[in-house]
Amino acid sequence: MEEINKFKVFRIGKGKNTSYYTRSLYPKYRGFDENIFRQKGEEFREVDAERSKFIAAIAKGLSQTGVKEGSVVLYLGASHGYTPSFMSDIIGDTGFMFALDFAPRVVRDLVFVCERRANMAPMLDDASHPENYKDLVPQVDVVFQDIAQRNQVEIFSKNCDMFLKQGGFGLLALKSRSIDVTRKPKEVFMEVRKELEKKFNIVDYRELYPFEKDHAFFVIKKK
Ligand SMILES: C[S@@+](CC[C@H](N)C(=O)[O-])C[C@H]1O[C@@H](n2cnc3c(N)ncnc32)[C@H](O)[C@@H]1O
């Protein structure tokens, strides 16, 4: 098992046979029926890169994520908590995550995940209205966003303006088809890149194929 770029994400195997893991912060607890790998008394949870754009971007060679032990993260589009649970392993018990989604059906599941993980809090809110939660969320080290909305770049930008510390990292999983189904994904990605460059330093960019079709992943740093 080797660690990828000191990201606290580990891999076993090569090429199509690679599997990815995080070190379990809460050993013996599996929230998603994931496979467990044990080594030298430690427990690692397998994370599916086809189900997690964060892990897909790391698998595609991301050089920086900003997500590390002790990070405070605002996670937009937390859904049932799948990727948030692995990020919770990475930030550890000195980090904290505000895990937000606007769909009550998925937040119900998210609440159960957060009950087992002391470093995560669920929030039922709309990411396009950050003013709703400005009194609940502090300045954070990382804003992560994975929501399939037409105005996803504007939503990301607003949340970074309001909550991201200077020098903090913004991670944006972008679905081109939610922005415009009629245009070539690459064109949409380049347009978004230009838009983000007006305000932020872009430190990395990956297309997520073959893990996800028509998705790109941007890493920005707040100036
Ligand atoms: C692709 S899923 C996220 C999957 C999750 N990031 C993971 O990897 O486990 C997208 C989620 O974004 C949520 N979403 C979409 N628009 C939103 C908004 N404006 N505010 C909050 N959540 C939103 C949806 O309810 C959905 O649960």
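You'll find the structure just up there.
None of the values given here were measured: they were computed from a predicted structure. (Residues numbered from 1 in each chain as written. Predicted model: local features only at pLDDT ≥ 70, side-chain atom pairs only at ≥ 80, totals over all residues. Heavy atoms only, no water.)

1. Observations regarding the side chain of Ser128
You can see Ser128 is positioned in the loop between strand 8 (120–124) and strand 9 (140–145). Assessed through its relative accessible area of 16%, Ser128 is described here as buried. Beyond its immediate chain neighbours, meaning those up to four positions away, Ser128 contacts Ile155 and Lys158. (Helix = DSSP H or I, 4+ residues; strand = E, 2+ residues; numbered from the N terminus. Buried < 20%, exposed > 50% of the residue type's maximum accessible area, 1.4 Å probe, protein only. Contact = heavy atoms within 4.5 Å.)

2. A short note on the nonpolar core
Core analysis: the biggest nonpolar cluster contains 36 residues, and Phe54 and Phe217 have the highest contact counts within it. Among the elements of the structure, helix 1 (53–59), strand 6 (72–76), helix 2 (82–91), strand 7 (96–101), helix 3 (104–116), strand 9, strand 10 (164–175) and strand 12 (215–222) are those that each provide at least two residues to this core. Residues within four places of Phe54 in sequence aside, it is in contact with Thr65, Val67, Thr83, Met87, Ile90, Phe144, Leu171 and Phe217. Counting residues in each nonpolar core, the second largest holds 30 residues, with Val143, Leu174, Phe189 and Phe200 among its members. (Core = buried A, V, L, I, M, F, W, Y, C linked by side-chain atoms within 4.5 Å.)

3. Side note on the pattern of salt bridges
Two side chains bearing opposite charge may form a pair once their charged atoms approach each other closely. Scanning the model with the defined rule gives 18 salt bridges in all. One salt bridge connects Lys134 with Asp135, and the closest N-O pair in it is separated by 4.0 Å. Residue Asp135 is classed as exposed on the basis of its relative accessible area, which comes to 70%. For the salt bridge of Asp141 with Lys165, the shortest nitrogen-to-oxygen distance reads 2.9 Å. With Asp141 in strand 9 and Lys165 in strand 10, this residue pair connects regions lying 24 residues apart in the sequence. Residue Asp141 is classed as partly exposed on the basis of its relative accessible area, which comes to 21%. On the accessibility criterion, Lys165 (34% relative accessible area) is partly exposed. One connected set of salt bridges, linked through shared partners, spans Glu34, Arg45, Asp89 and Arg117. (Salt bridge = Lys/Arg side-chain N within 4 Å of Asp/Glu carboxyl O.)

4. Let's talk about the site of the ligand
The immediate surroundings of the ligand are formed by 18 residues, with Tyr75, Thr83, Asp101, Asp146 and Gln149 found nearest. Between the ligand and the protein, one listed contact pairs an oxygen atom with a side-chain N or O atom of Thr83 at 2.6 Å. A distance of 2.8 Å separates a nitrogen atom of the ligand from a polar atom in the backbone of Ala127. Alone, the ligand offers 600 Å² of accessible surface; in the complex the protein occludes 84% of this. The biggest single contributor to the shell around the ligand is helix 2, with 3 residues. Grouping the amino acids of the shell around the ligand by side-chain chemistry returns 8 nonpolar, 4 polar and 6 charged. (Near = heavy atom within 4 Å. Polar contact = N/O pair within 3.5 Å; in protein donor to acceptor, adjacent residues only side chain to side chain. Areas by Shrake-Rupley, 256 points an atom, 1.4 Å probe, with all protein chains shown as cover. Nonpolar A, V, L, I, M, F, W, Y, C, P; charged D, E, K, R; others polar.)

5. Comments concerning the environment of Leu208
Within the secondary structure, Leu208 sits in the loop between strand 11 (200–207) and strand 12. On the basis of relative accessibility, which here comes to 0%, the residue Leu208 falls in the buried class. Sequence separation between Leu208 and Leu62 is 146 residues, and the spatial gap between their C-alpha atoms is 11 Å. Leaving out residues up to four positions away in the same chain, Leu208 has contacts with Lys53, Ala56, Ala57, Lys60, His215, Ala216 and Phe217.

6. Concerning the sheet that holds strand 11
With respect to topology, 7 strands assemble into an open sheet ordered 8-7-6-9-10-12-11, the strand pairing being mixed. Across the chains shown, the open sheet's two edge strands, defined by having one partner strand only, are strand 8 and strand 11. Geometrically, the sheet is characterised by an average inter-axis angle of 15° between neighbouring strands, direction not taken into account. Here strand 10 pairs with strand 12 via 7 bridges, running antiparallel. In the sheet register, Leu171 faces strand 12, and the bridge partner there is Val219. (Pairing = 2+ DSSP bridges. Axes fitted to C-alpha atoms, helices over the stretch in contact; angles between N-to-C directions.)

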